[in-house]
Amino acid sequence: MSAVTRGGTPWTPQYVEAINPKNCIGCGRCYKVCTRDVLTLVDRGEDDDMDEDDWDDEDAKAMMTVKNAMDCIGCGACGRTCPKDCFTFVTA
Ligand code: SF4
Ligand code: SF4
């Protein structure tokens, strides 16, 4: 899917596909820059599929997840602000 800027220049939205739970440190940077309420922070204790050996920073008690994927406008801001390169994107 393609879009245009206000000036009419074509650009391709990059929609959030996934957040790597292994790398995430729960810093909240991505959450703060998202204007669309796509992301939400969850307690790692709620994820029965992982234990502390499965993630990089064992002090990270929370991790970011995708809550409303269909509300993403594909701006890419979350990925640019993430210090741990957690995000993967798709173009449609
Ligand atoms: S790409 Fe933009 S709209 Fe989508 S989750 Fe990231 S910051 Fe939010
Ligand atoms: S910016 Fe990256 S490391 Fe920080 S909460 Fe978001 S996904 Fe996790």
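Here we summarise the structure given alongside this text. (Residues numbered from 1 in each chain as written. Chains lettered and ligands numbered in written order. Predicted model: local features only at pLDDT ≥ 70, side-chain atom pairs only at ≥ 80, totals over all residues. Heavy atoms only, no water.)

1. Quick notes on unusual backbone geometry
Phi is positive for Asp-37, which is not a glycine, with a value near 55°. Inspection of the secondary structure puts Asp-37 in the loop between helix H1 (29-33) and strand E4 (39-43). Accessibility expressed as a relative area gives 40% for Asp-37, which makes it partly exposed. A positive phi angle, near 55°, is found at Asp-85, a position not held by glycine. With respect to the helices and strands, Asp-85 occurs in the loop between helix H2 (77-81) and strand E6 (87-90). Asp-85 gets classed as exposed once you look at its relative accessible area, which sits at 62%. (Helix = DSSP H or I, 4+ residues; strand = E, 2+ residues; numbered from the N terminus. Buried < 20%, exposed > 50% of the residue type's maximum accessible area, 1.4 Å probe, protein only.)

2. Looking at the nonpolar core
Judged by nonpolar contacts, the single largest core of 15 residues is most densely connected at Ile-19, Cys-30, Leu-39, Met-64, Cys-78, Cys-86 and Phe-87. Per-element tally for this core: the top contributor is strand E3 (residues 15-19), with three residues. Here Cys-78 is in contact with Val-16, Cys-30, Val-33, Leu-39, Phe-87 and Phe-89, once residues within four sequence places are set aside. (Core = buried A, V, L, I, M, F, W, Y, C linked by side-chain atoms within 4.5 Å. Contact = heavy atoms within 4.5 Å.)

3. A short note on the environment of Phe-89
Along the chain, the position of Phe-89 falls in strand E6. In contact with Phe-89, other than residues within four places in its own chain, are Gln-14, Tyr-15, Val-16, Glu-17, Gly-76, Cys-78 and Gly-79.

4. Points about the site of ligand 2
Around ligand 2, the structure places 14 residues, and the nearest of them are Cys-24, Cys-27, Gly-28, Cys-30 and Cys-82. Of the residues contributing to the shell around ligand 2, the split by class is ten nonpolar, two polar and two charged. (Near = heavy atom within 4 Å. Nonpolar A, V, L, I, M, F, W, Y, C, P; charged D, E, K, R; others polar.)

5. Description of the site of ligand 1
All residues adjacent to ligand 1 are Gln-14, Val-16, Cys-34, Arg-36, Val-38, Cys-72, Ile-73, Gly-74, Cys-75, Gly-76 and Cys-78. In the shell around ligand 1, the residues fall into seven nonpolar, three polar and one charged.

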